[in-house]
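# Observations on the three-dimensional arrangement
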Amino acid sequence: MSTAVIAGVGVDLNEEGFFTDPNQWTREMAAEMAADDGIAELTPAHWTVIDFMRKEYFEKGTGPTVRVLGKTSGVTVKELYELFPKGPAKMAARISGIPKPKGCI
Amino acid sequence: MSPTTTNGDTITKVSIIISKGSLEGIYPGLIMANGARAEGIEANLFFTFFGLDAVHKTRIEHIKVATVGNPAMHIPTLLGSLPGMSALATHMMTKKMDELDIPPIHEFIEMISDTGCGLYLCKASVDMFGLTKDDFIEQAQEIITVGDFYDIAAGGQIIFT
C-alpha cells in the first residue's frame with residue numbers, strides 16, 4: 001500500500017494502483033487518473049461505466065464482470081474496450097476508485 | 001503491479017491454442033483469452049483439430065463434457081459410457097456455470113470477439129475435416145496456416161490447451 005496525491009488530495013492505493021478505500025475517491029480524481037492513462041477526456045459514456053462500477057461495488061462488494069458490464073451498464077462490450085483500451089478490469093475499475101473486480105469472467 | 005513472467009517481464013500478449021472439442025477442453029482457453037483482454041493484454045485464439053467445434057456454426061451448440069476416460073469425473077468408465085451420461089454431466093455443469101455467471105460457449109465467444117481478441121482457424125484442420133469458412137460462426141476471422149499463426153503470435157506467449 002502507498003499514498004499518492006491525486007487532484008490535490010492524499011489517497012491510499014494498493015501496489016497495483018487501485019484505491020483501497022473507495023470513499024476517498026472523487027470525480028475530479030477520475031479525470032486526473034484517466035488523463036494519466038491516456039484518456040484525454042472522460043465522456044458521458046465513460047461516466048456511465050464509472051458510475052455503474054461504483055454502484056455495483058457498493059451494492060455487491062465487488063466490481064462487475066465484463067459480462068455484467070456489457071449486459072446491464074448500457075455500454076456494450078465492444079464500446080467498453082474502446083472507452084477503456086487498457087482493459088475494463090484494470091483501467092476502468094482503477095479510474096472508478098474501486099478494487100479490481102474479483103470475477104474470472 | 002502488472003502481470004509478469006518468471007524473469008520479471010510484463011505479459012503484454014498471449015496466443016492461446018484450443019485443440020480439444022469437449023466442454024472442459026474449450027472453456028479454459030476462452031476464460032484465459034477473455035481474462036487477458038480484461039487486463040489489457042493483447043490476445044489471440046487459434047482453433048485447431050477438434051477445437052474447431054467451438055466455432056463451428058452448428059456444433060457450437062452441442063459441446064459436451066467427456067464422461068469417459070476422465071478419472072476426475074469420479075464415475076466408473078463403463079457408467080460414463082452409458083447413453084445420456086455425457087448430456088447429463090453437461091447439463092449439470094452448464095447449470096452450475098450459469099449460476100457463476102459464466103456464459104454459454106457461443107455467447108462467450110461473441111463477447112471475446114467484442115473485446116478485440118483475434119479468432120483464427122487452423123488451415124490443416126479445416127482442410128482435414130473438409131470444412132470451409134462458411135461452416136464457422138462470423139466471429140471466426142480467418143483460416144490461417146501454422147506459419148501465419150507464428151507471425152500473429154510473435155512477441156507474445158503461446159499457450160496450448
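Up top is the structure.
These notes cover the structure that comes with them. All of these numbers come straight from a predicted model, not from anything done at the bench. (Residues numbered from 1 in each chain as written. Chains lettered and ligands numbered in written order. Predicted model: local features only at pLDDT ≥ 70, side-chain atom pairs only at ≥ 80, totals over all residues.)

Looking now at helix α1 (residues 23–38) of chain B. Its 16 residues give α1 of chain B an end-to-end C-alpha distance of 22 Å, which sits within 8% of 22 Å, the value for a rise of 1.5 Å per residue. Those residues of α1 of chain B that are buried are in contact with α3 (66–72) and α5 (88–95) of chain A together with β1 (13–18), β2 (42–47) and α4 (105–114) of chain B. Where α1 of chain B ends, the next residue or the one after it, Gly40 of chain B, has phi of about 85°, a positive value. (Helix = DSSP H or I, 4+ residues; strand = E, 2+ residues; numbered from the N terminus. Expected span 1.5 Å × (residues − 1). Contact = placed C-beta atoms within 7 Å.)

All names here are of chain B. Spatially, 5 strands are ordered β4-β3-β2-β1-β5 in an open sheet, and the strand pairing comes out parallel. A single partner strand is all that each edge strand has here, and the edge strands are β4 (142–144) and β5 (157–160). Going across the sheet, the axis of each strand differs from the next one's by a mean of 30°, ignoring polarity. When strand β3 (residues 118–122) meets β4, the two strands line up parallel, connected through 3 bridges. Of the residues in β4, the one forming a bridge with Tyr120 is Glu142. (Pairing = 2+ DSSP bridges. Axes fitted to C-alpha atoms, helices over the stretch in contact; angles between N-to-C directions.)

Right, let's talk about the interface of chain B and chain A for a bit. For an interface, size is often stated in terms of accessible area lost upon the parts coming together. Opposite the 15 residues of chain B that make contact, chain A presents 18 residues. Put simply, the parts of the chain that give the side of chain B that touches chain A at least two residues each are α1 and α4 of chain B. In terms of residue count, the dominant contributor to the side of chain B that touches chain A is α1 of chain B (5 residues). Grouping the amino acids of the side of chain B that touches chain A by side-chain chemistry returns 6 nonpolar, 5 polar and 4 charged. (Nonpolar A, V, L, I, M, F, W, Y, C, P; charged D, E, K, R; others polar.)

Attention shifts here to the nonpolar core. Burial of nonpolar side chains together is a common tendency in soluble globular proteins. With 56 residues, the main nonpolar core has Val49 and Leu80 of chain A together with Leu45, Phe47, Val55 and Leu121 of chain B as its most contacted residues. When neighbours within four sequence positions are excluded, Phe47 of chain B is seen to be in contact with Ile18, Leu52, Ala54, Val55, Leu121 and Cys122 of chain B. (Core = buried A, V, L, I, M, F, W, Y, C linked by C-beta atoms within 7 Å. Buried ≥ 20, exposed ≤ 12 C-beta atoms within 10 Å, placed from the backbone.)

Next up on the list: unusual backbone geometry. Residues and elements named next belong to chain B. Not every positive phi belongs to a glycine, and Phe49 is a case in point at roughly 45°. With respect to the helices and strands, Phe49 occurs in the loop between β2 and α2 (77–80). With 16 C-beta atoms packed within 10 Å, Phe49 lands in the partly exposed category. Here the phi dihedral of His74 falls at roughly 60°; this positive angle occurs in a residue that is not glycine.

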